[in-house]
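What follows is the residue order along each chain.
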Amino acid sequence: MKRDFTSIFDLGKQEIYEIFDLTKKLKESQKKGIKHKILKDKTLAMIFEKPSLRTRVTFETGMTQLGGHAIYLAPADINIGKRESVSDAAKNLSRWVDLIMARVFAHKTVEDLAKSAVIPVINGLCDIEHPCQIMCDLFTIIEKKESLEKITIAYIGDGNNVCNSFIAASALLEFNLNIAMPRGYEPNKDYLAKTKKAILTYDPKQAVKDADIIYTDVWASMGQEQSAEKKKKIFKPYQINSELLKSAQKDYLIMHCLPAHRGEEITDEVIDGPNSIVFDQAENRLHIQKGIMVWLLK
Ligand code: CP
Ligand code: NVA
């Protein structure tokens, strides 16, 4: 049976660690210059309804390093769901390529692609989840802290797709999750109902107090640009800055999925400071995409 990765909930704990192990090996091969053309002659179709730097470049580069090929389909190229149905697009792509990655607005689009395609489908971000990002982030935390056991992640900001994927992962893995957001911007209730590990607070100082990892994301996600000005005021107390970090314990690490809106959710001094691992994290998008693709096509 084909496997999909439309949500963190598509995986179990063992499968997540299988992908981490694969990713570690692929990263080591890449660093040592050892050829690892495991997906020779395979083709990945990449469907984008939204912009991207990291997701697009890391999937495409990853596929090249694995000996395969990636095709970038920009929003206007196939106009999925409008020029033709999601289901027909999936059935066509299934006849030509080996794997689909889709960055879309509605989660249902990724689910419908997965239902109609006979090849694996990867969620490259939707309005509900960003599962590839969270796999990358947890892999990065294990690299830095050796394990997720006893790790507390503080997510400060909008209860968005990235936050939801952290919540999903907290239901399966060993870490604790403190989430601080303004009232009215809480994450998805159905996701929260599936974990006992996520603790919500409206006080960012409380959330960072015992955190090993302090994480943030943009306040207005792609597609929500019209709310950006209003959110700047509401979210101001949730900015990751030196003042907030006075409440943190020593040895915290700063993470951000990027792109960052410097001066909004995070200050320059924090994102460029000694505790920031954001570019190690960004690098790992490349390695984790390779792990995910190899695992799905195994
Ligand atoms: N973090 C992330 O997914 O970046 P892009 O939006 O640039 O792909
Ligand atoms: N929450 C952000 C993540 C970007 C990688 C968005 O959806 O725009």
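Structure: see above.
None of the values given here were measured: they were computed from a predicted structure.

> Explain the overall build of the protein here, please?
A tally of regular secondary structure across the protein gives 13 helices and nine strands. Relative to its length of 298 residues, the protein is compact, with a C-alpha radius of gyration of 19 Å against a globular reference of 19 Å. Considering only C-alpha atoms, the protein reaches an extent of 55 × 45 × 35 Å along its principal axes. Buried residues in the protein amount to 57% of all 298 residues. Intrachain contacts of the protein at a sequence separation of at least 6 include 73% that bridge at least 24 residues. Within the structure as shown, the protein displays about 13200 Å² of accessible surface, and the carbon and sulfur contribution to it stands at 51%. Considering the protein, the positive charge centre built from 43 side chains and the negative charge centre built from 40 side chains are found 2 Å apart.

> Looking at this model, I keep getting lost on the site of ligand 1. Mind explaining?
Around ligand 1, the neighbouring residues are S52, L53, R54, T55, R103, H130, Q133, C257, L258 and R285. Between ligand 1 and C257 there is a distance of 2.9 Å, counted from a nitrogen atom to a backbone nitrogen or oxygen. Considering ligand 1 on its own, with 250 Å² of exposed area, one finds that the protein chains cover 96% of that surface. For the shell around ligand 1, the class distribution of residues is three nonpolar, four polar and three charged.

> Help me understand the sheet that holds strand β2 (residues 69-73) in this model?
Hydrogen bonds between backbone atoms are what pair the strands of a sheet, whose relative direction is either parallel or antiparallel. As summarised here, the arrangement of the four strands in space is β2-β1-β3-β4, forming an open sheet in which the pairing is parallel. Across the chains shown, the open sheet's two edge strands, defined by having one partner strand only, are β2 and β4 (121-123). Pairs of neighbouring strands in the sheet enclose a mean axial angle of 20 degrees, with direction left out of account. As judged from the five bridges shared by strand β1 (residues 43-48) and β2, these two strands associate in the parallel manner. Its bridge partner lying in β2, T43 is registered against H69.

> What's the story with the site of ligand 2 in this structure? I'm lost.
In the region of ligand 2, the neighbouring residues are L125, H130, N160, N161, D217, V218, S221, M222 and L258. N160 places a side-chain nitrogen or oxygen 3.3 Å from a nitrogen atom of ligand 2. Within the contact set of ligand 2, a nitrogen atom lies 2.7 Å away from a side-chain nitrogen or oxygen of S221. In isolation ligand 2 exposes 270 Å². Once the protein is present, 96% of that is buried. Of the residues belonging to the shell around ligand 2, the class tally is four nonpolar, four polar and one charged.

> Looking at this model, I keep getting lost on helix α2 (residues 54-65). Mind explaining?
In an α-helix, one turn spans 3.6 residues, which is why side chains three or four residues apart end up on the same side. For α2, spanning 12 residues, the distance from its first C-alpha to its last is 16 Å, which sits close to the expected 16 Å at 1.5 Å a residue. Here α2 has its buried residues at R54, T55, T58, F59, G62, M63 and Q65. For α2, the arc enclosing every buried residue in end-on projection is 160 degrees, short of the 170-degree limit, so these residues lie on one face. At the exit of α2 stands G67, carrying a positive phi of roughly 90 degrees.

> Please clarify how the packing of aromatic side chains should be interpreted in this entry.
By convention here, two paired aromatic rings are described through the distance between centres and the angle between planes. Under the defined criterion, the tally for this structure stands at 10 aromatic pairs. An aromatic cluster of at least three residues, connected via ring pairs, comprises Y155, F166, F175 and Y215. Directly above the ring of Y202 sits R183, whose terminal nitrogen or CZ lies 4.0 Å from the centroid. In this structure, K194 is placed above the aromatic ring of F9, and the distance from its NZ or CZ to the ring centre is 4.8 Å.

> Got a minute to help me understand the sheet that holds strand β5 (residues 152-156) in this structure?
Read from one edge to the other, the open sheet built from five strands follows the order β7-β6-β5-β8-β9, with strand pairing classed as parallel. The strands lining the two open edges of the sheet, one partner per strand, are β7 (198-201) and β9 (253-256). Strand-to-strand twist of the sheet, defined as the mean angle between neighbouring strand axes without regard to direction, takes the value 20 degrees. Two elements, strand β6 (residues 176-180) and β7, share four bridges in a ladder whose sense is parallel. Its bridge partner being in β7, L177 is matched across the sheet by A198.

Rules of the game
Residues numbered from 1 in each chain as written. Chains lettered and ligands numbered in written order. Predicted model: local features only at pLDDT ≥ 70, side-chain atom pairs only at ≥ 80, totals over all residues. Heavy atoms only, no water. Helix = DSSP H or I, 4+ residues; strand = E, 2+ residues; numbered from the N terminus. Rg over C-alpha atoms; globule rule 2.2 N^0.38 Å. Buried < 20%, exposed > 50% of the residue type's maximum accessible area, 1.4 Å probe, protein only. Contact = heavy atoms within 4.5 Å. Areas by Shrake-Rupley, 256 points an atom, 1.4 Å probe, with all protein chains shown as cover. Lys, Arg positive; Asp, Glu negative; His and termini not counted. Charge placed at Lys NZ, Arg CZ, Asp CG, Glu CD. Near = heavy atom within 4 Å. Polar contact = N/O pair within 3.5 Å; in protein donor to acceptor, adjacent residues only side chain to side chain. Nonpolar A, V, L, I, M, F, W, Y, C, P; charged D, E, K, R; others polar. Pairing = 2+ DSSP bridges. Axes fitted to C-alpha atoms, helices over the stretch in contact; angles between N-to-C directions. Expected span 1.5 Å × (residues − 1). Arc of directions from axis to C-beta. Phe/Tyr/Trp six-rings, centres within 6.5 Å; stacked < 30°, edge-to-face > 60°. Lys NZ or Arg CZ within 6 Å of the ring centre and 35° of its normal.

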